[in-house]
Amino acid sequence: MNNYVEVKITDQDVARAKTLARARDAKKEKFGAGRHGNLSKSSEQSHTDGLYGEIAIAKYLGIELDAEIYDDHGDAGYDFIIGDLKADVKTAVSGAAYMNPWLKVPAQYKKDQKKIDNCDIFIACYYNSRKSLAYIQGWVTKETLMNREKERIPLNKGGFGPWNYMVKKEEFKNIQDLALTHTK
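Note that the structure is a prediction, hence the values are computed from the model and not measured.

**Q** Go over the pattern of salt bridges with me, naming the residues and quoting the values.
**A** For the structure on display, the rule yields five salt bridges. Taking the shortest distance from any N to any O, the salt bridge between Lys 90 and Asp 88 comes out at 3.1 Å. Given the relative accessible area of 9%, Asp 88 is considered buried. Across the salt bridge formed by Arg 148 and Glu 171, the nearest N and O atoms sit 2.2 Å from each other. Of this pair, Arg 148 sits in the loop between helix H6 (142–146) and strand E7 (151–154) while Glu 171 sits in the loop between strand E8 (160–168) and helix H7 (175–182); the two residues are 23 residues apart in sequence, bridging distant segments of the chain. The exposure class of Glu 171 is partly exposed, given its relative accessible area of 38%.

Given below as C-alpha cells:
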C-alpha cells in the first residue's frame with residue numbers, strides 16, 4: 001500500500017501549466033532545449049509534465065508556484081522553499097512510475113551538479129493525465145541522493161540515457177511528515 005497524496009489537476013491547472021511551460025521553453029533559443037525521460041517528447045512537453053508536479057506541491061502545501069521566467073539564465077535548481085528547505089520537484093508520467101516509482105535527478109553535466117548543490121530535498125511526483133491526478137509520492141534529502149552511484153537507464157532503441165542519481169520508493173520519506181515539520 002502506498003501513502004501517496006492525490007492532488008486533482010483541474011482544467012485551469014492544465015492551462016496554467018501549458019502557458020508557463022511555453023514561456024519556460026522559449027529560452028531554449030538562448031540556452032538549448034532540455035528534455036528528460038522520454039526523449040521523443042518536446043522540451044515544452046517536458047516542462048509541462050514537470051509543472052504538474054509543481055502545481056500539486058503548491059496546492060497541497062498552500063504555497064505559491066514559481067512563475068518567474070529568467071531572461072539570462074535558468075532557474076536556481078529548486079522549485080520551492082518549504083520552511084527553510086530548498087526543494088526540487090521531479091515528476092514522472094510513465095505508468096510504471098505509479099507502482100514502482102523512483103526519483104531520478106540528472107547528473108550528466110556540471111550544471112546538473114550545481115542545481116543539486118542548491119537543493120536540500122527532492123520531491124517525487126507522478127502525473128496521470130487520464131485521471132487528471134498528480135500523486136505526491138515522497139521525498140528524499142540531498143544526502144540520500146548523493147549517497148547513490150550515478151546510473152544510466154538502457155534505452156529501448158539501444159544504448160543508454162544520461163547519467164542520473166536514482167532513489168527507489170522504499171527510501172522515500174512521507175510528504176505528510178515534510179508538511180508537518182517544515183511549513184510555516
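Let's pick the thread back up.
**Q** Can you lay out the sheet that holds E7 for me, pointing to particular residues and giving the numbers?
**A** Sheet architecture is open: three strands sit in the order E4-E8-E7, paired in antiparallel fashion. On the outer flanks of this sheet lie strand E4 (102–106) and E7, each paired with one strand and no other. The sheet shows a mean angle of 55° between the axes of neighbouring strands, taken without regard to direction. The sheet contact formed by E4 and E8 spans five bridges and is antiparallel. Residue Lys 104 lies in a different strand from E8, and its bridge partner there is Met 166.

Calculation rules
- Throughout, a residue's number is its position along its own chain's written sequence, starting from 1.
- A pLDDT threshold of at least 70 governs which residues receive local features in this predicted model, and a stricter bar of 80 or more applies before side-chain atom pairs are shown or counted, although totals over entire chains, interfaces and linings include all residues.
- Based on all heavy atoms of the structure, the side-chain values leave hydrogens and waters out of the count.
- Salt-bridge detection follows one rule: a side-chain nitrogen of Lys or Arg within 4 Å of a carboxyl oxygen of Asp or Glu.
- Buried means the residue's accessible area, taken with a 1.4 Å probe over protein chains only, is under 20% of the maximum for its type, while exposed means over 50%, and partly exposed covers the values in between.
- Under the DSSP-based scheme used, a helix requires at least four consecutive residues in state H or I and a strand at least two consecutive residues in state E, with every element numbered from the N terminus.
- By definition, two strands form a pair when at least two bridges between them are found by DSSP.
- Note on definitions: angles span 0 to 180 degrees between N-to-C directions of axes, and those axes are lines fitted to C-alpha atoms, for helices only across the stretch in contact.

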